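Understanding the architecture of this molecule
Residues per chain are reported as follows:
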Amino acid sequence: VMDPGAVRPLGRLEQRGVVHREGLWHRAIHLWVVLGDGRVLLQQRSSYKDTNPGRWDVSVAGHVSGHSTPERTAREEAQEEIGLSLAPAEVQRLFTIARSETGETSHGAFECNEILEVYRARCSARVEDLKADPSEVSALAAVERAQLLARITQPDFVAIEEAYLEALRPWFEG
């Protein structure tokens, strides 16, 4: 659990369900994977996910556990969600942003307040080389870098705030 004003841990560990039910601030990661052909990988969230099931999303996403770092979490989630093994040198931190989202799940209302660390990884993999975990990911697809920002603003994509898009733009345009 985080103090959003100071972006520091409060020394409390809570389960994901509690964090979302109570709207507690917490750390999370987004990892944008640039494939060997220069396209950017997207994932379609599994229909089993409690938040945003079936929607398209960033290549890899996840919560940072209390005993991990955001960079390590990005690499671990890449392995878990899409079967991609990344070395620390392949993961580049882009920016940090606070974001909030509210919605409904089968468990009731949720309020997700995150201090989000956003990363980019370049790898030689192709989409067909990756193995999605069906409990996490329904499908994988790749888009040209020039099309990424337009694609992620479509209604079938997990909502992304304008401030996030503006911070992402320099890394994927041109």
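Structure: above.
Below you will find a few notes about this structure. Positions within a chain are numbered from 1, following the residues in the order the chain's sequence is written. The predicted nature of this model means local features are confined to residues of pLDDT at least 70 and side-chain atom pairs, given and counted, to a pLDDT of 80 or more, with totals for whole chains, interfaces and linings taken over all residues. Values shown for side chains rest on all heavy atoms present in the structure; no hydrogens or waters enter the calculation.

Quick notes on the pattern of salt bridges
For the record, the criterion: Salt bridges are defined as contacts in which a side-chain nitrogen from Lys or Arg sits within 4 Å of a carboxyl oxygen from Asp or Glu. Numbering of helices and strands runs from the N terminus; a helix is a DSSP stretch of H or I covering at least four residues, while a strand is a stretch of E covering at least two.
Counted according to the given criterion, the structure contains 11 salt bridges. Residues Arg169 and Glu166 are paired through a salt bridge, measuring 2.9 Å at the closest nitrogen-oxygen approach. Taken as a pair, Arg169 and Glu166 lie in helix α4 (residues 162-172) at a separation of three residues, close to a single helical turn. Each member of the salt-bridge network shares a partner with another, and the members are Arg99, Glu114 and Glu161.

Digging into the nonpolar core
To keep it simple, the criterion reads: Buried Ala, Val, Leu, Ile, Met, Phe, Trp, Tyr and Cys residues form a nonpolar core when they are joined through side-chain atoms within 4.5 Å. A 1.4 Å probe rolled over the protein chains alone gives each residue an accessible area, and that area as a share of the maximum for its type sets the label: buried under 20%, exposed over 50%, partly exposed in between. Any two residues whose heavy atoms approach within 4.5 Å are treated as being in contact.
Residues Trp32, Leu148, Ile152, Tyr164, Leu168 and Phe172 are the most contacted members of the largest nonpolar core, which totals 23 residues. Elements represented by at least two residues in this core include exactly β3 (25-34), β4 (40-45), β7 (91-105), β8 (108-122), α3 (145-151) and α4. Sequence-distant contacts of Leu148, defined by excluding residues within four places in its chain, comprise Trp32, Val40, Leu42, Val143 and Phe172. Counting 22 residues, the second-largest nonpolar core is a separate cluster that includes Leu35, Leu41, Val60 and Ala74.

Quick look at the side chain of Gln43
Spelled out, the test is: For this analysis, a polar contact is any N or O atom pair within 3.5 Å, provided that within protein one partner can donate a hydrogen and the other can accept it, and provided that sequence-adjacent residues contribute only side-chain to side-chain pairs.
Here Gln43 lies in strand β4. Owing to a relative accessible area of 3%, Gln43 belongs among the buried residues under this scheme. A distance of 2.7 Å separates polar atoms of two side chains, one belonging to Gln43 and the other to Glu81. Each residue touching Gln43, except ones within four places of it in the same chain, is listed here: Arg55, Trp56, Asp57, Val58, Ser59, Val60, Ala61, Glu81, Glu136, Val137, Ala139 and Leu140.

Some details on the pairing of β3
Looking along a regular strand, one sees side chains alternate from face to face of the sheet. As a reminder, the rule being used: Two strands pair if DSSP finds at least two bridges between them.
Judged by how many residues are buried, β3 sits mostly within the fold: eight of 10 residues are covered. Relative to β8, β3 is paired through 10 bridges, and the arrangement is parallel. What sits directly across from Val34, in β8, is Arg122.

Some points on the environment of Ser46
Structurally, Ser46 is set in the loop between β4 and β5 (56-57). In this structure the C-alpha to C-alpha distance between Ser46 and Asp133, which are 87 residues apart in sequence, comes to 8.9 Å. With residues up to four places along the chain from it excluded, the contact list for Ser46 reads Pro53, Gly54, Pro134, Ser135, Glu136, Val137 and Ser138. Polar contacts involving the side chain of Ser46 include one to the main-chain amide nitrogen of Tyr48, which spans 3.0 Å.

These figures capture arrangement, not role.
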